[in-house]
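The chain contents come next:
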Amino acid sequence: MGLDQTIYGNALAAWLIAAGIYATTTLSLWLIERYALRAFARFARNTQTSIDDLVADILGETKFGLILFVALFAASLALELDPTVSLVIRRAAAIAVVVQGGIWASAAIAFWVTRFVDLMAGEDAEAVTMVSALSFVGRLAVWSVVLLLILDNLGVEVAALLAGLGIGGIAVALAAQNVLSDLLASLSIILDKPFVIGDFLVIGEYQGSVERIGLKTTRLRSLGGEQLILGNSDVINTRIRNLGRMADRRASLQVGVTYDTPREVLAQIPGWIEEIVEAQEHTRFDRSHLSGFGESAIEFDTIFYMTVPQYDRFMDTKQAVLLAIHERFDRHGVEFAYPTRVVYTIPADPADSTRGDAPAAEE
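The structure displayed is predicted, hence computed values, not measured ones. All chains use their own residue numbering, which begins from 1 and follows the written sequence. The predicted nature of this model means local features are confined to residues of pLDDT at least 70 and side-chain atom pairs, given and counted, to a pLDDT of 80 or more, with totals for whole chains, interfaces and linings taken over all residues. Hydrogens and water molecules were not included; the side-chain quantities draw on all heavy atoms of the structure.

**Student:** How would you explain a nonpolar patch on the surface if you had to name every residue and give the values?
**Tutor:** Taken together, the side chains of Leu 134, Phe 136, Val 137, Leu 140, Val 179, Leu 180, Leu 183 and Leu 215 make up a nonpolar region of the molecular surface, amounting to roughly 620 Å² of accessible area. Elements are defined by DSSP. Helices are runs of H or I of four residues or more, strands are runs of E of two residues or more, and each kind is numbered from the N terminus. Contributing elements (two or more residues each) for the nonpolar patch: α5 (125-153) and α7 (177-192). It is α5 that provides the largest number of residues to the nonpolar patch, a total of 4 residues. Of note, Leu 183 is situated in helix α7. Residue Leu 183 is classed as partly exposed on the basis of its relative accessible area, which comes to 33%. Within this analysis, patches are made of residues with over 30% relative accessible area and no salt bridge. Like charges are joined at 9 Å or less; nonpolar side chains (Val, Leu, Ile, Met, Phe, Trp, Tyr) at 5 Å or less. Methods summary: accessible areas were calculated by the Shrake-Rupley approach with a probe of 1.4 Å, and residue burial reflects only the protein chains presented. Between Lys or Arg on one side and Asp or Glu on the other, a salt bridge is scored when a side-chain nitrogen of the former is within 4 Å of a carboxyl oxygen of the latter. Accessibility here uses a 1.4 Å probe with only protein chains present; expressed as a share of the type maximum, an area under 20% marks a residue as buried, one over 50% as exposed, and anything in between as partly exposed.

Set out below in structure tokens:
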């Protein structure tokens, strides 16, 4: 068998050249991907810039299938092939490049999102929530474009397809109103940011910390430990109390003392309470007054604020204030009042028990 023997319209020598191109291209690209790119990735980790890290991450997502299709296309250029076969090879290679481009674009989005989340975690939860949600939208847009390019390479009329999808989309929208309502509500949450991950919410009868904001649901972790899953549209259409954005906490204390407390001591009690409150960290005293005379106590009303919103620190400070008040009252002999009732009885006049009715006068 000579090298000039024809096989499927090409000389044997042409087939051998094509095979050599295929093998050389595949081996060269595989070696570049396996060794050169890995060496570049190690170099990028030791630099201060992030651009080379991005390039390393993107190129590290190169798939071996792309190498095979590129090598096949390069080898086909050395042959005289049937137009249909040549078209199939070109389209297959183009689709492989488009899919690989989508993988690279997704890797780039994931790289920047990861960097941003690591940078802003604990500092700006709102920005983290927004970027995490927009990254999904970005990847969805990338793969939508990839799908359209694949269909275009397959000979599908993309313009007609989009027009048909528009008409079908109306029917789908009518059939999936609840799902679309949740999707639009999630967009509202992302843009308006009434709450972010980590905020503690009270939504109707439910309360908990926000764990995840999805496209359809928002998930809370309740104080009891269970996970609460609420539809985004239900959340948006309900009055929300966002305790996570509380700037400070207001504390109201009511104290009652007995009525036999001396008047000069009563006048000092508001000053004592003010001194106790201001001795605590992260507090802002507002007022303390004798507020009224109750059924069994002389009542004092005190208001102060905690300048840090954490509930556990608020309760620790409130406890410290109450214990200090108890100690101060005990030191000065002031007694706390508790519900009592004193009944005074007046003994009857003994003369009343022997006095009868006066006799009626006779006419």
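Read on for the rest.
**Student:** Got a sec to walk through the packing of helix α9 (residues 263-278) against helix α10 (residues 311-331)? Specific residues and values, please.
**Tutor:** Running from N to C, α9 and α10 point in directions that differ by 140°, and their axes come no closer than 10 Å. When the interaxial angle is binned, α9 and α10 end up oblique. For the pair α9 and α10, the sense of crossing is right-handed. The residues of α10 that touch α9, namely those facing Ile 269, Trp 272, Ile 273, Glu 275, Ile 276 and Val 277, are Val 321, Ala 324, Ile 325, Arg 328 and Phe 329. Each axis is a line fitted through C-alpha atoms, and for a helix only the stretch in contact is used; angles between axes span 0 to 180 degrees, taken between their N-to-C directions. For this classification, under 35 degrees means roughly parallel, over 145 means roughly antiparallel, 65 to 115 means roughly perpendicular, and everything else is oblique. Here is the rule for handedness: rotate from the far helix to the near one, and if that takes an anticlockwise turn smaller than a right angle the crossing is left-handed, while a clockwise turn gives right-handed. Pairs of residues are marked as contacts when any of their non-hydrogen atoms sit within 4.5 Å.

**Student:** Outline the layout of surface pockets, listing residues and values.
**Tutor:** Here a cavity means grid points, on a 1 Å grid over the protein atoms only, where a 1.4 Å probe fits yet cannot get out; a pocket means an open set of points with protein on both sides within 12 Å along at least five of seven lines; lining residues are those with an atom within 4 Å of a point. Grid points are joined across faces, edges and corners, and a volume is the space filled by probe spheres set on the points. Within this model, the second largest pocket holds a volume of roughly 210 Å³. Around the second largest pocket, the lining residues are Gly 198, Asp 199, Phe 200, Ser 209, Leu 223, Leu 243, Gly 244, Arg 249, Pro 309 and Tyr 311. Its residues assigned to classes, the lining of the second largest pocket shows 5 nonpolar, 3 polar and 2 charged. Throughout this entry, Asp, Glu, Lys and Arg are counted as charged residues, while Ala, Val, Leu, Ile, Met, Phe, Trp, Tyr, Cys and Pro are counted as nonpolar. The remaining residues, Gly among them, count as polar.

**Student:** Residue-level account of the nonpolar core, with values.
**Tutor:** For soluble globular proteins, the rule of thumb is that nonpolar side chains tend to be buried together. We call a set of buried residues a nonpolar core when its members are Ala, Val, Leu, Ile, Met, Phe, Trp, Tyr or Cys and they connect through side-chain atoms within 4.5 Å of each other. Of all hydrophobic cores here, the largest spans 22 residues; its most connected members are Val 257, Ile 269, Val 321, Ile 325, Phe 329 and Val 334. Counting only elements with at least two residues in this core, the list comes to β8 (249-257), α9, β10 (298-306) and α10. Val 321 has contacts with Leu 253, Ile 276, Val 277, Gln 280 and Phe 304, leaving out every residue within four places of it along the chain. Core analysis: the next-biggest nonpolar cluster, separate from the first, contains 10 residues, Ile 189, Val 210, Ile 213 and Leu 230 among them.

**Student:** Any chance you could break down α9 for me, citing the residues and the numbers?
**Tutor:** Note that the bend at a residue is defined as the angle between axes fitted to the seven residues ending at it and the seven residues starting at it. In α9, a bend of some 30° at Ile 269 exceeds every other bend along the element, and Pro 270, a proline, comes one to four places later. Listing the buried residues of α9 in full gives Val 265, Leu 266, Ile 269, Pro 270, Trp 272, Ile 273, Ile 276 and Val 277. As for α9, its buried residues are in contact with β8, β9 (283-293), β10 and α10.

**Student:** Mind laying out the sheet that holds strand β6 (residues 227-231), listing which residues take part and the relevant values?
**Tutor:** The pairing criterion for strands is at least two bridges between them, as found by DSSP. An order of β6-β5-β4-β3-β7 is seen for the 5 strands of this open sheet, with the pairing classed as antiparallel. Each end of this open sheet is capped by a strand with a single partner; those strands are β6 and β7 (240-242). Taking each pair of neighbouring strands and ignoring which way they run, the sheet shows an average axis angle of 40°. Of the pairings in the sheet, the one linking strand β4 (residues 206-213) to strand β5 (residues 217-221) comprises 4 bridges and is antiparallel in character. In the strand pairing of β5, Val 210 is matched with Leu 220.

**Student:** With reference to specific residues and values, describe the pairing of strand β3 (residues 200-203).
**Tutor:** Residues Phe 200 and Val 202 of β3 are buried on one face, and the alternating residues Leu 201 and Ile 203, pointing to the opposite face, are buried as well. Bridge count between β3 and β4: 4 bridges; the pairing is antiparallel. Counted as the bridge partner of Ile 203 is Tyr 206 from β4. Linking two consecutive strands that pair antiparallel, namely β3 and β4, is a turn of 2 residues; a positive phi of about 60° is found at Gly 204 within it.

**Student:** Describe a positive patch on the surface, with residues and values.
**Tutor:** For the purpose of charge, His is not counted, nor are the chain termini; Lys and Arg are scored as positive and Asp and Glu as negative. To locate a charge, take NZ of a lysine, CZ of an arginine, CG of an aspartate or CD of a glutamate. On the surface, Arg 34, Arg 38, Arg 42 and Arg 45 cluster together to form a positively charged patch. Examined against the element boundaries, Arg 34 turns out to sit in helix α1 (residues 12-45). Owing to a relative accessible area of 30%, Arg 34 belongs among the partly exposed residues under this scheme.

**Student:** Can you lay out the pairing of β5 for me, pointing to particular residues and giving the numbers?
**Tutor:** For a regular strand, side chains alternate in direction, first toward one face of the sheet and then toward the other. Hairpin geometry of β4 and β5 is characterised by an intervening segment of 3 residues between the two adjacent antiparallel strands. Where β5 lies against β6, 5 bridges are found, and the strand directions are antiparallel. Each residue of the ladder has a partner; that of Arg 219, found in β6, is Ile 229. In this antiparallel pair of consecutive strands, β5 and β6, the connection spans 5 residues, and Gly 225 shows a positive phi of 105°.

**Student:** A description of the environment of Thr 26 should follow, citing residues and the corresponding values.
**Tutor:** Examined against the element boundaries, Thr 26 turns out to sit in helix α1. The spacing of Thr 26 and Phe 69 is 43 residues in sequence and 9.1 Å in space, taken between C-alpha atoms. Beyond its immediate sequence surroundings of up to four residues, Thr 26 is in contact with Phe 64, Ile 67, Leu 68 and Ala 71.

Shape descriptors only; they carry no functional weight alone.
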